[in-house]
Number of protein chains: 2
Amino acid sequence: MDKLIAQLGFLLELDKLKAILRRTRPVGLDRYENTAEHSWHVALMAMLLAEHAEPPVAVERVVKMLLLHDIVEIDADDTFLYDEAAAAGKADKEVAAAERLFGMLPPEQAREFHALWREYEERATADGRFAYACDRLLPMLQNLANEGASWQENSVRFEQVIRKNLPINDAAPALWQYVLPKLEAARDKGWLG
Amino acid sequence: MDKLIAQLGFLLELDKLKAILRRTRPVGLDRYENTAEHSWHVALMAMLLAEHAEPPVAVERVVKMLLLHDIVEIDADDTFLYDEAAAAGKADKEVAAAERLFGMLPPEQAREFHALWREYEERATADGRFAYACDRLLPMLQNLANEGASWQENSVRFEQVIRKNLPINDAAPALWQYVLPKLEAARDKGWLG
Ligand SMILES: [Ca+2]
């Protein structure tokens, strides 16, 4: 019973992720998306696109990783990918957030979930790299469908987009080959600085 | 390439689920939650509470089922569990929505995802029943943490809550045993009619 109470405490704490806003707009909606709905979208994306992973991945592990990957933002908030200044203190804040949040769980589950989160962060495994690739690709696809709205609002440059998202090519080259010409076209249309 | 284009078309269509509102409020937030963020929450919940399933379940399948279970609301909208009038036309609308949405996918994946959705709807397997149990339990826990906000706003009665949520007991009796006394206490406090 104590175990269940700890699990349910963690479960309700997760509601706070629904208040964390990102810089990306869902296609067709006039608002920013929050990290909870983003986490659903990217987990389903991994399930949808797993066949494009090279090397192959264990999709169930990638899905779990993506469900958990951003919960540290409950304490550490979202950091915009292209905000280099904000990126400085990010890692320490997120490590502390992971300690607190996973620490709410029964010990065995705390270890399992914390390890999945670290595997995502470290990108040292094929599963971790593919999870990261999905997380990078999705907001680019949303931006491409939104005439680059978030790029334009935040003065994002083409070179930044290439540099930050090139890791997609290490985990799913077919996805990178698909998106690269679209990014070049977006630059040519003036959606990227 | 055609296959990838179909998959990405489906992926971006999913953004529409972020605009579908439910009647439940995230704990501490003064707004209704949308179905996309709910789907993230309940998929993670299954991962968290799988050990309480009786009989045991294949948690990876349950998680996938829950990521997909509500996407039909893109066309069919959310139906409030306790709105018996609205429930009448729900099944037909959802079947048509599933045809359209899963029909956007490459054929093999369309079949796989559509079958997972049907398994959730039919609740004829342990995995489907546990997925359903999570989906029933989560809004009750949110309501209990919110002094019954959504129950009070919608004049929900104790007997309705028991009748609609009793299937939790078939898939995870420990979870039902946990929540039943809390529901009785909520009734005694006047949070339920
Ligand atoms: Ca649901």
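Residue positions are counted from 1 within each chain, in the order its sequence is given. Think of it this way: whatever chain is written first is A, whatever ligand is written first is 1, and the rest follow in order. Reporting of local features is limited, given that this is a predicted model, to residues whose pLDDT is at least 70; pairs of side-chain atoms are given and counted only at 80 or more, and all residues count toward the totals for whole chains, interfaces and linings. The basis for every side-chain value is the complete set of non-hydrogen atoms in the structure, without hydrogens or water.

Right, let's talk about the coordination of the calcium ion for a bit. Residues and elements named next belong to chain B. Distances define the donors: N, O and S atoms within 2.8 Å of the metal qualify, as do those within 3.2 Å of Na, K or Ca. Water is excluded, so some sites may look unfinished. Donor atoms from the polypeptide that coordinate the calcium ion comprise His-38 (NE2), His-69 (NE2), Asp-70 (OD), Asp-135 (OD) and Asp-135 (OD), at 2.3 to 2.7 Å from the metal. One chain supplies every donor for the calcium ion, spaced along it as H-x30-H-D-x64-D. Of the two residues, Asp-70 is situated in the loop between helix H3 (59-68) and helix H4 (73-76) and Asp-135 in helix H8 (residues 126-145); the sequence distance between them amounts to 65 residues. The same class applies to Asp-70 as to Asp-135, namely buried. Helix numbering and strand numbering both begin at the N terminus, where a helix is a DSSP run of H or I of at least 4 residues and a strand a DSSP run of E of at least 2. The cut-offs for exposure are 20% and 50% of the maximum accessible area for each residue type, with area from a 1.4 Å probe on protein chains only; residues under the lower value are buried, those over the upper are exposed, and the others partly exposed.

Below, the discussion takes up the pattern of salt bridges. Salt bridge criterion: a side-chain nitrogen from Lys or Arg within 4 Å of a carboxyl oxygen from Asp or Glu. Going through the model one piece at a time under the given rule, you end up with 34 salt bridges over all chains. Ionic pairing is found between B:Glu119 and B:Arg61, a salt bridge with its closest N-O pair at 2.6 Å. With B:Glu119 in helix H7 (residues 107-122) and B:Arg61 in helix H3, this residue pair connects regions lying 58 residues apart in the sequence. Its relative accessible area of 34% is what places B:Arg61 among the partly exposed residues. In this structure, the salt-bridge partner of B:Asp135 is B:Arg136, at a minimum N-O distance of 3.8 Å. Each of the salt bridges in this network shares a partner with another, and the network as a whole consists of A:Glu13, A:Lys16, A:Asp75 and A:Arg100.

With that settled, the discussion passes to the packing of helix H2 (residues 35-49) of chain A against H7(B). Each axis is a line fitted through C-alpha atoms, taken for helices only over the stretch in contact, and angles between the N-to-C directions span 0 to 180 degrees. Axis separation between H2(A) and H7(B) bottoms out at 11 Å; the angle between their running directions is 135°. Relative to H7(B), the element H2(A) is oriented oblique. Across from A:Leu44, A:Met47 and A:Leu48 in H2(A), the residues of H7(B) making contact are B:Gln109, B:Phe113 and B:Leu116. Residue classes follow a fixed rule: Ala, Val, Leu, Ile, Met, Phe, Trp, Tyr, Cys and Pro count as nonpolar, while Asp, Glu, Lys and Arg count as charged, and any other residue, Gly among them, counts as polar. Class assignment of the residues belonging to the contact of H2(A) with H7(B) gives a composition of five nonpolar, one polar and no charged. Note on angle classes: values under 35 degrees are labelled roughly parallel, values over 145 roughly antiparallel, values of 65 to 115 roughly perpendicular, and the remainder oblique. Any two residues whose heavy atoms approach within 4.5 Å at even a single point are treated as in contact.

Take the nonpolar core next. Side-chain atoms within 4.5 Å link the members of a nonpolar core, which is a set of buried Ala, Val, Leu, Ile, Met, Phe, Trp, Tyr and Cys residues. With 136 residues, the main nonpolar core has A:Phe130 and B:Phe130 as its most contacted residues. Discounting residues that sit within four places of it in the chain, B:Phe130 has contacts with B:Ala46, B:Leu49, B:Ala50, B:Ala53, B:Val57, B:Val62, B:Ala171, B:Ala172 and B:Leu175.

To continue, consider the UniProt feature "domain: HD/PDEase" (unreviewed entry) in chain A. The sites that UniProt annotates as "domain: HD/PDEase" (unreviewed entry) are residues 31-149 of chain A. Between the end C-alpha atoms of residues 31-149 of chain A there is a gap of 11 Å, over a span that is 70% helix and 0% strand. UniProt positions are given in the numbering used here, feature names are shortened, and annotations may be inferred rather than shown by experiment.

We now examine helix H7 (residues 107-122) of chain A. Taking 1.5 Å as the rise per residue, H7(A) with 16 residues should run 22 Å; its terminal C-alpha atoms sit 22 Å apart, in good agreement. Taken as a whole, H7(A) has its buried residues at A:Gln109, A:Ala110, A:Phe113, A:His114, A:Leu116, A:Trp117, A:Glu119 and A:Tyr120. For H7(A), the secondary structure elements touched by its buried residues are helix H1 (2-13), helix H3 (59-68), helix H6 (90-102) and helix H8 (126-145) of chain A together with helix H2 (35-49) of chain B. A:Arg123 sits one or two positions beyond H7(A) and adopts a positive phi of about 50°. What a helix should span is 1.5 Å times the count of its residues minus one.

For the rest of this paragraph, the subject is the relation of the copies chain A and chain B. The copies were overlaid with a least-squares fit restricted to C-alpha atoms from residues scoring a pLDDT of at least 70 in each copy. For the pair chain A and chain B, the relating rotation is 180°, the translation along its axis is 0.0 Å, and the fit reaches an RMSD of 0.0 Å. The relationship between the two copies is best expressed as a two-fold rotation axis. A share of 100% of interface residues in chain A that are also interface residues in chain B marks the association as one of identical surfaces.

This part is about the interface of chain A and chain B. Reports of interface size often rely on the accessible area that becomes lost once the parts have come together. Counting from both sides, the interface comprises 51 residues of chain A and, opposite them, 51 residues of chain B. Buried surface at the junction of chain A and chain B, summed over both partners, amounts to about 4500 Å²; 76% is from carbon and sulfur atoms. At the surface where chain A touches chain B, the tally comes to six salt bridges. For A:Lys64, the salt bridge goes to B:Glu60, with nearest N and O atoms at 3.8 Å. Polar contact is the term for a pair of N or O atoms within 3.5 Å; when the atoms are in protein, one must be able to donate a hydrogen and the other to accept it, and sequence-neighboring residues count only if both atoms are side-chain atoms. At the junction of chain A and chain B, the tally comes to 28 residue pairs in polar contact (both at pLDDT 80 or more). Elements that contribute at least two residues to the side of chain A that touches chain B include exactly H1, H2, H3, H7, H8 and helix H12 (173-188) of chain A. By buried area we mean the combined loss of accessible area, with a 1.4 Å probe, across both parts when two parts are placed together.

Here we come to the environment of B:Leu101. Residues and elements named next belong to chain B. Tracing the backbone shows Leu-101 in helix H6 (residues 90-102). Here Leu-101 falls in the buried class, since its relative accessible area comes to 0%. Residues Leu-101 and Ile-74, 27 residues apart in the sequence, show an inter-C-alpha distance of 8.8 Å. Discounting residues that sit within four places of it in the chain, Leu-101 has contacts with Phe-10, Glu-13, Ile-71, Val-72 and Ile-74.

To describe a pair of aromatic rings, you give the distance between the ring centres and the angle between the ring planes. Within 6.5 Å between ring centres, the rings of Phe, Tyr and Trp (the latter by its six-membered ring) count as paired, and their orientation is classed by plane angle as stacked under 30 degrees, edge-to-face over 60, tilted in between. Under the definition given, this model contains seven aromatic pairs over all chains. An aromatic cluster of three or more residues is present, and its members are A:Phe10, A:Phe102 and A:Phe113. A positively charged side chain is recorded as over a ring if its NZ (Lys) or CZ (Arg) lies within 6 Å of the ring centre. The angle to the ring normal must also be within 35 degrees. The aromatic ring of B:Phe80 is capped on one face by B:Arg23, whose charged end is 4.7 Å from the ring centroid. In this structure, B:Arg187 packs its charged tip against the face of B:Phe158, placed 4.4 Å from the ring centre.

Turning next to the packing of H3(A) against H7(A). Residue and element names in this part refer to chain A. It is at 9 Å that the axes of H3 and H7 come closest, and there the two elements cross at 90°. Compared by their axis directions, H3 and H7 come out roughly perpendicular. When H3 is examined against H7, the residues Arg-61, Lys-64, Met-65, Leu-66 and Leu-68 are found in contact with a partner set consisting of Glu-112, Phe-113, Leu-116, Trp-117, Glu-119 and Tyr-120. Each residue belonging to the contact of H3 with H7 can be placed in one class, and the counts come to seven nonpolar, no polar and four charged.

Going from A:Glu54 to A:Pro55, the amide bond is cis rather than trans, its omega being 0°. Positionally, A:Pro55 belongs in the loop between H2 and H3. Its identity is not glycine, yet A:Asp77 carries a phi of approximately 65°, on the positive side. Structurally, A:Asp77 can be placed in the loop between helix H4 (73-76) and helix H5 (84-87). Phi is positive for B:Ser155, which is not a glycine, with a value near 50°. Among the structural elements, B:Ser155 can be located in the loop between helix H9 (149-153) and helix H10 (158-165). Classification of B:Ser155 as exposed rests on a relative accessible area of 60%.

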